[in-house]
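# Notes for the structure review
These are the residues of each chain, in order.
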Number of protein chains: 2
Amino acid sequence: MAKDKSPRRPRAETPKGFRDYFGADVTERKAMLDTIAEVYHRYGFDPLETSAVETVEALGKYLPDVDRPNEGVFAWQDEDADWLALRYDLTAPLARVAAQYRNDLPSPYRRYAMGPVWRNEKPGPGRFRQFYQCDADTVGAPSVAADAEICAMLSDALEAVGIPRGDYLVRVNNRKVLNGVMEVAGVLNTADPDHMAHERGIVLRAIDKFDRLGDAGVRALLGAGRLDESGDFTTGAGLSDDQADIVMGFMAARRATGAATVARLRELVSGSPLGLEGVVELETIAGLLDAQGYGPDRIEIDPSVVRGLGYYTGPVFEAELTFEILDEKGRKRQFGSVSGGGRYDGLVERFTGQKVPATGVSIGVDRLLAALRAKGRVGGVAPGPVVVTVMDRDRMADYQAMASELRRAGIRAEVYLGNPKQFGNQLKYADKRAAPIAVIRGGDEAARGAVVLKDLVLGARIAAEASVEEWKSQPAQVEVARADLVAAVRRMLGQG
Amino acid sequence: MAKDKSPRRPRAETPKGFRDYFGADVTERKAMLDTIAEVYHRYGFDPLETSAVETVEALGKYLPDVDRPNEGVFAWQDEDADWLALRYDLTAPLARVAAQYRNDLPSPYRRYAMGPVWRNEKPGPGRFRQFYQCDADTVGAPSVAADAEICAMLSDALEAVGIPRGDYLVRVNNRKVLNGVMEVAGVLNTADPDHMAHERGIVLRAIDKFDRLGDAGVRALLGAGRLDESGDFTTGAGLSDDQADIVMGFMAARRATGAATVARLRELVSGSPLGLEGVVELETIAGLLDAQGYGPDRIEIDPSVVRGLGYYTGPVFEAELTFEILDEKGRKRQFGSVSGGGRYDGLVERFTGQKVPATGVSIGVDRLLAALRAKGRVGGVAPGPVVVTVMDRDRMADYQAMASELRRAGIRAEVYLGNPKQFGNQLKYADKRAAPIAVIRGGDEAARGAVVLKDLVLGARIAAEASVEEWKSQPAQVEVARADLVAAVRRMLGQG
């Protein structure tokens, strides 16, 4: 049988679940990350950049218990039989680094890291397989002063990128307090941590869903279970009403002031040493922050914050944007969480066998950028370059020299390098580039030592809305002496 | 048989062939890339950031002709059966983007891209599997004005990052001239491009190795072949002596001035329309650059530049650093190439079937950074934060407040968060952090409203070299009023 040998053309497509970023999407994110890095740096954090690739073994969460251990991560087998994978967050690589370089790194080790991470999830609307994270962690500091510092830094970072005070809140809680409440409710026996661990997991996830499910929904999950609108049933933790009351009391423990909240929590965990330890830690954190001027208008104790991740062992925190935006259906809603973190003690231990206290925060870069756009803090069309048009192909050197002069004066400029035949195409190109000015120099202008500048911003405005008087008084096109090119462009750009 | 069930600890190791970057290694590279991006931007280039992952089909160079198409790339099969891979350069993703968004992008499209790329090579000394590239390309501009612009921009970028004029040279050649020489030598028949294509490949690679093999080595490869010192034989192109003379004449065509070189090339390709076209292009490029002030002290025509990649179709260029460094054996040698590029017309065509002219350059980020370090333009120990020591655990809020005050004044500062028991450890920590100042405040100082500043830079110098007089006149430790903390730290940092 004859085989069809004509080459099939490859599809020019971004792989499913991935994205391409153009122009301002790149520079705006970069500017935001630079600003955050500056804040982290001022707090004494040092940058760390690990490679995108880790051994599956080091990543840990996804161990090779199947032939192809790519559940949740992008993984492949290396030639020497090791399984490699793309990192799924920046915390796992930090744990590996903290263990690997433990004799060389300062202790405590404060580090920040920024970069893409990858998740092998089914792509869907708004769900992407590569996205940025921006983390700061302190490894080796047992004191909750480290947690307080992270909260203050998070607050500073949000304000530095343009979220004003009052538009965000860093909410702090402590897993030890929740565990104390569980102990009081009889769902935790500190002498036998495995007992009812499954039930406690259900409680944790139920509390984490409070925003969405409300009081009744959470109560159902704490008890026998919950039937959702679609008819699906989620098994509950099986708590008695009395037990559930205690947990729900914890959720509602927030009071008008931090001191009052702490007092209420102290009542709730009475009898649980672990819970009391947690309350004292919260008090300490609040006191440290207060002494630095971070009051409850920026950072507050909120018992409803639990964070989903299982590995947190002490303080947990979350930054929420408190202003409203319109969702895709035009309904008002709170913007919600843009950052979260907490204390975790087990990650480095996996490698070394020794417990190493660590605490850190991760900022959701894409969500924070979306928030800044929603607030009009970034975005809009980035100004394009001054475009030097080509009237006469033979005088390309002249055009290049003009662009070169402008650039040397710090002005973004380029020569049109497409087919110059149709001048209209050049102006269309300048428009697509969001060029503020087109420089035009035909034979006549050259002969009299002149050059024409077309103010494209003004031109667009005049075309759209100008009165006849305005049109007359503000011509969008001026002829200037060639020697005055740079000065005239500066004036037209409003830099004169 | 009983199986050992005790959990094995994962190894804390950077995967083979990958690297971790700490502190200044991250910030110095970032600063260099930022500077280059600024130059690219000023030339009208827009940033593009594609994802790290592409379909193997789109990457193209490595098609799935084997079960596991990971020759040279890191590849894996996605759940929906597509093969995905990490990009191996930034040009292949650009070709995909140029095809995919061809109706939306301005044409010509100038873009820059910076980021890691991955190669699935056997790791070895100095050979890494993830490294940075930093590219600028113009897609859709047929004129060699685009090539000239890239050369000028490369020159500007090198000077902007700190390579002074005279320490580098951008060398330009044209594949068409080389092909013209091949035509004259009878190794190319433009009517039948496949004829002797294999031999031309050998010629190309031989010329590319001129620096290493010298005249005799290249001549051997042009002829019957070359026996190297180890006894290995490389088959040659099989050219006759007359044919080889012509090619060698091309290599030696460089003259004292660009005009003289061009004249010599014109003689060599006489009779080859393709070769003459290439010579005219070189003349045009030189003329355009000259008009913008880029003379032969920065950019010169050099027929010995050919660039290894097969896909170049016109002008090729290379930036070489001309200063000498000492190699690992202490011998002086030229630093060599840090950047290269050229014109390629076939990459977008793969997707669309239409030829799209493109030209671009790639800067070898790691080599350029190494060059800057060799010149002392970057590097040295980055200053660490002011470290506020902890004399009294109960006054943590006081210490945090001092650090906070310093930070608000723009001074990098942190509180020691390790176990504060042994003060010596705190000073060792400050030393490891390269801290310029340690802030010390015990109960006595607090009682009299004071704070002690220890100048660690001066302290180190005094310890190492000071005379008795100096020691007396410049104490490394001063007590100041608590209210003067910020001002005193500023003075000590030399910012006062």
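Residues numbered from 1 in each chain as written. Chains lettered and ligands numbered in written order. Predicted model: local features only at pLDDT ≥ 70, side-chain atom pairs only at ≥ 80, totals over all residues. Heavy atoms only, no water.

Basically, it comes down to this: UniProt positions are given in the numbering used here, feature names are shortened, and annotations may be inferred rather than shown by experiment.
The name recorded for chain A in an unreviewed UniProt entry is Histidine--tRNA ligase, from Phaeovulum veldkampii DSM 11550. Among the UniProt annotations of chain A, the heading Sequence similarities (unreviewed entry) holds the following wording: "Belongs to the class-II aminoacyl-tRNA synthetase family." UniProt lists a comment for chain A under the heading Subunit (unreviewed entry), and it reads "Homodimer."

## Considering the overall build of chain A
This is how the line gets drawn: Helix numbering and strand numbering both begin at the N terminus, where a helix is a DSSP run of H or I of at least 4 residues and a strand a DSSP run of E of at least 2. Burial classes: relative accessible area under 20% of the type maximum marks a residue as buried, over 50% as exposed, and values in between as partly exposed (1.4 Å probe, protein chains only). When charges are tallied, Lys and Arg are placed among the positive residues and Asp and Glu among the negative ones, while His and the ends of the chain are skipped. For charged residues, the charge sits on one atom: NZ in Lys, CZ in Arg, CG in Asp, CD in Glu.
Secondary structure summary: chain A contains 18 helices and 19 strands in total. The buried share of chain A, reckoned over its 496 residues, is 54%. In chain A, 65 positive and 71 negative side-chain charges are present, and the distance between their average locations comes to 6 Å.

## Focus on helix 10 (residues 273-291) of chain A
Residue and element names in this part refer to chain A. Put simply, the rule is: A helix is expected to span 1.5 Å for every residue after the first.
Taking 1.5 Å as the rise per residue, helix 10 with 19 residues should run 27 Å; its terminal C-alpha atoms sit 27 Å apart, in good agreement. Turning to helix 10, its buried residues number three or more, namely Gly275, Gly278, Val279, Glu281, Leu282, Ile285, Leu288 and Leu289. Note on helix 10: the residue one or two positions beyond its end, Gly293, has a positive phi of about 90°.

## Section: the interface of chain B and chain A
This is how the line gets drawn: The contact rule is simple, with two residues in contact once any of their heavy atoms fall within 4.5 Å. A simple way to read buried area is as the amount of 1.4 Å-probe accessible surface that goes missing from two parts once joined, with both sides added. What makes a salt bridge here is a side-chain nitrogen of Lys or Arg within 4 Å of a carboxyl oxygen of Asp or Glu, nothing more. A 3.5 Å cut-off defines polar contacts: any pair of N or O atoms within that distance qualifies, except that in protein one atom must be a possible hydrogen donor and the other a possible acceptor, and neighbouring residues in sequence count only when both atoms are side-chain atoms. Under the scheme applied here, ten amino acids are nonpolar (Ala, Val, Leu, Ile, Met, Phe, Trp, Tyr, Cys and Pro), four are charged (Asp, Glu, Lys and Arg), and all others, including Gly, are polar. Strands qualify as paired when DSSP identifies two bridges or more between them.
The partner chain A presents 101 residues to the 101 residues of chain B that form the contact. With both chains or domains summed, chain B and chain A bury close to 8,500 Å², and 51% of this area falls on carbon and sulfur atoms. Looking only at chain B, the three residues that lose the most surface to chain A are Glu49(B), Arg412(B) and Leu417(B), adding up to 9% of its buried area. Inspection of the chain B/chain A interface yields 18 salt bridges. For the pair chain B and chain A, the interface holds 46 residue pairs in polar contact (both at pLDDT 80 or more). For the side of chain B that touches chain A, the per-class residue count stands at 47 nonpolar, 22 polar and 32 charged. Of the strand pairs in this sheet, strand 1 (residues 21-22) of chain A and strand 2 (residues 46-49) of chain B are connected by two bridges, and their pairing is antiparallel. Within strand 2 of chain B, the residue paired with Tyr21(A) across the bridge is Glu49(B).

## Thoughts on the packing of helix 5 (residues 175-185) of chain B against helix 8 (residues 241-251) of chain B
Residues and elements named next belong to chain B. Rules: Note on definitions: angles span 0 to 180 degrees between N-to-C directions of axes, and those axes are lines fitted to C-alpha atoms, for helices only across the stretch in contact. Roughly parallel refers to an angle under 35 degrees, roughly antiparallel to one over 145, roughly perpendicular to one between 65 and 115, and oblique to any angle outside these ranges. By definition, any crossing whose near helix is turned counterclockwise from its far helix by less than a right angle is left-handed, and any crossing with a clockwise turn is right-handed.
At a minimum axis distance of 9 Å, the contact between helix 5 and helix 8 shows a crossing angle of 160°. With respect to helix 8, the axis of helix 5 lies roughly antiparallel. Remark: the crossing between helix 5 and helix 8 carries right-handed chirality. Together, Val177, Leu178, Val181, Val184 and Ala185 of helix 5 and Gln243, Ile246, Val247 and Phe250 of helix 8 make up the contact between the two elements. Of the residues belonging to the contact of helix 5 with helix 8, the class tally is eight nonpolar, one polar and no charged.

## Digging into the domain arrangement of chain A
The condition is simple: An automatic or database domain assignment supplies the residue ranges for each domain.
For chain A, the assigned domains are domain 1 (24-52 + 87-374) and domain 2 (386-492). The centre of domain 1 of chain A, based on its C-alpha atoms, is set 54 Å off from the matching centre of domain 2 of chain A.

## So, helix 12 (residues 365-374) of chain B
Residues and elements named next belong to chain B. As a reminder of what qualifies: Arc, as used here, means the arc of the directions from the helix axis to the C-beta atoms.
Those residues of helix 12 that fall on the buried side of the exposure criterion are Val365, Leu368, Leu369, Ala371 and Leu372. All buried residues of helix 12 lie within an arc of 155° about the axis, which places them on one face of the element. As for helix 12, its buried residues are in contact with helix 1 (24-42), strand 7 (130-139), helix 4 (145-161), strand 12 (312-326), strand 13 (332-344) and strand 14 (358-364). The first or second residue beyond helix 12 is Gly376, which carries a positive phi of 70°.

## Points about the UniProt feature "binding site: L-histidine" (unreviewed entry) in chain A
Residue and element names in this part refer to chain A. The residues that UniProt annotates with the feature "binding site: L-histidine" (unreviewed entry) are Asp89, Leu90, Thr91, Arg119, Gln133, Asp137, Arg307, Tyr311 and Tyr312. Here Gln133 lies in strand 7 (residues 130-139). Sequence-distant contacts of Gln133, defined by excluding residues within four places in its chain, comprise Asp89, Leu90, Ala113, Met114, Gly115, Val117, Arg119, Ser362, Ile363 and Val365. Tracing the backbone through its elements, the reader meets Asp137 in strand 7. We classify Asp137 as buried; its relative accessible area is 2%. Setting aside anything within four residues of it in sequence, one finds Asp137 in contact with Phe45, Leu94, Tyr109, Arg110, Arg111, Ile150, Tyr344, Thr359, Gly360 and Val361.

## Some details on the relation of the copies chain B and chain A
Taken together, a rotation about one axis and a shift along it account for how the two chain copies relate. Selection criterion: Each copy is superposed on the other by least squares, with the fit set by C-alpha atoms of residues at a pLDDT of at least 70 in both.
With an RMSD of 0.0 Å, the fit of chain B onto chain A corresponds to turning through 180° and sliding 0.0 Å along the axis. One copy is carried onto the other by what is essentially a two-fold rotation axis. Among all residues of chain B, the one whose C-alpha sits closest to the rotation axis is Trp76(B), at a distance of 2.9 Å. Comparing interface residues between copies, 100% of those in chain B also sit at the interface in chain A, which points to an isologous, same-surface contact.

## Notes on the packing of aromatic side chains
Selection rule: Only Phe, Tyr and Trp rings take part, Trp by its six-membered ring, and two of them pair if their centres are within 6.5 Å. Stacked means planes under 30 degrees apart, edge-to-face means over 60, and tilted covers everything else.
Applying the stated rule across the entire model yields 15 aromatic pairs over all chains. Each ring, one from Tyr40(A) and one from Tyr112(A), has its centre 5.9 Å from the other, and the planes form 55°; the classification is tilted. Of the two residues, Tyr40(A) sits in helix 1 (residues 24-42) while Tyr112(A) sits in strand 6 (residues 109-118), which places them 72 residues apart along the sequence. For the residue pair Tyr40(A) and Tyr112(A), the accessibility class agrees, reading buried in each case. On the basis of an interplanar angle of 40° and a centroid distance of 5.5 Å, the ring pair of Trp76(A) and Phe74(B) is categorised as tilted. Of the two residues, Trp76(A) is situated in strand 4 (residues 75-77) and Phe74(B) in the loop between helix 2 (56-59) and strand 4 (75-77); the pairing between them involves two chains. There is no split in this pair, since Trp76(A) and Phe74(B) are both buried.

## A few points about the sheet that holds strand 18 (residues 450-455) of chain A
Residue and element names in this part refer to chain A. If you trace the five strands from one edge of the open sheet to the other, you get 16-15-17-18-19, paired in mixed fashion. Since the sheet does not close on itself, it has two edges, and those belong to strand 16 (413-415) and strand 19 (477-481), each with one partner. Across the sheet, the axes of successive neighbouring strands diverge by a mean angle of 25°, strand direction being ignored.

## Some details on the side chain of Asp345(B)
Residues and elements named next belong to chain B. Relative to the helices and strands, Asp345 resides in the loop between strand 13 and helix 11 (349-352). No salt bridge forms around the buried Asp345; measuring N to O, its nearest opposite-charge neighbour Arg343 is 4.2 Å away. In this view, Asp345 contacts Thr313, Lys355, Val356, Pro357 and Ala358; residues no more than four positions away in its chain are not counted.

## Considerations on the sheet that holds strand 2 of chain B
Taken together, nine strands build an open sheet; the order of strands is 1(A)-2(B)-6(B)-7(B)-14(B)-13(B)-12(B)-8(B)-11(B) and the sheet is mixed. Both edges of this open sheet fall to strand 1 of chain A together with strand 11 (299-301) of chain B, since each of them pairs with a single strand only. Across two bridges, the pairing between strand 2 of chain B and strand 6 (residues 109-118) of chain B is parallel. Residue pairing for strand 6 of chain B: Pro47(B) is matched across the bridge by Tyr112(B).

## Describing the pattern of salt bridges
Under the counting rule described, the total for this entry stands at 74 salt bridges over all chains. The shortest N-O distance in the salt bridge between Asp82(B) and Arg11(A) comes to 3.8 Å. Taken together, the residues Asp82(B) in the loop between strand 4 and strand 5 (83-86) and Arg11(A) in the segment before strand 1 connect one chain to another. When its relative accessible area of 22% is taken as the criterion, Asp82(B) is described as partly exposed. Residue classification places Arg11(A) among the partly exposed positions, given a relative accessible area of 35%. Its salt-bridge partner being Asp302(B), residue Arg171(B) comes within 2.9 Å of it at the nearest N-O pair. Here Arg171(B), found in strand 8 (residues 168-174), pairs with Asp302(B), found in the loop between strand 11 and strand 12; they are 131 residues apart in sequence, far enough to count as distant.

## Some thoughts on the pairing of strand 8 of chain B
All names here are of chain B. Within strand 8, seven of the seven residues are buried, which leaves the element mostly enclosed by the surrounding structure. Of the two faces of strand 8, the one carrying Tyr168, Val170, Val172 and Asn174 and the one carrying Leu169, Arg171 and Asn173 are both buried. In this sheet, strand 12 lies alongside strand 8 in antiparallel orientation, the contact comprising seven bridges. Counterpart to Tyr168 in the pairing with strand 12 is Leu321.

## Some remarks on the pairing of strand 18 of chain A
All names here are of chain A. With five of six residues buried, strand 18 is to be regarded as a mostly interior element. As paired elements, strand 18 and strand 19 share five bridges and run antiparallel to each other. Looking at strand 19, one finds that Val451 is bridged to Val480.

## Thoughts on the packing of helix 5 (residues 175-185) of chain A against helix 6 (residues 197-208) of chain A
All names here are of chain A. Taken N-terminus to C-terminus, the directions of helix 5 and helix 6 make an angle of 125°; their axes are 12 Å apart at the nearest point. Relative to helix 6, the element helix 5 is oriented oblique. Seen from above, helix 5 lies across helix 6 with right-handed handedness. Together, Arg175, Leu178 and Met182 of helix 5 and Arg200, Val203, Leu204 and Ile207 of helix 6 make up the contact between the two elements. Class assignment for the residues of the contact of helix 5 with helix 6 results in five nonpolar, no polar and two charged.

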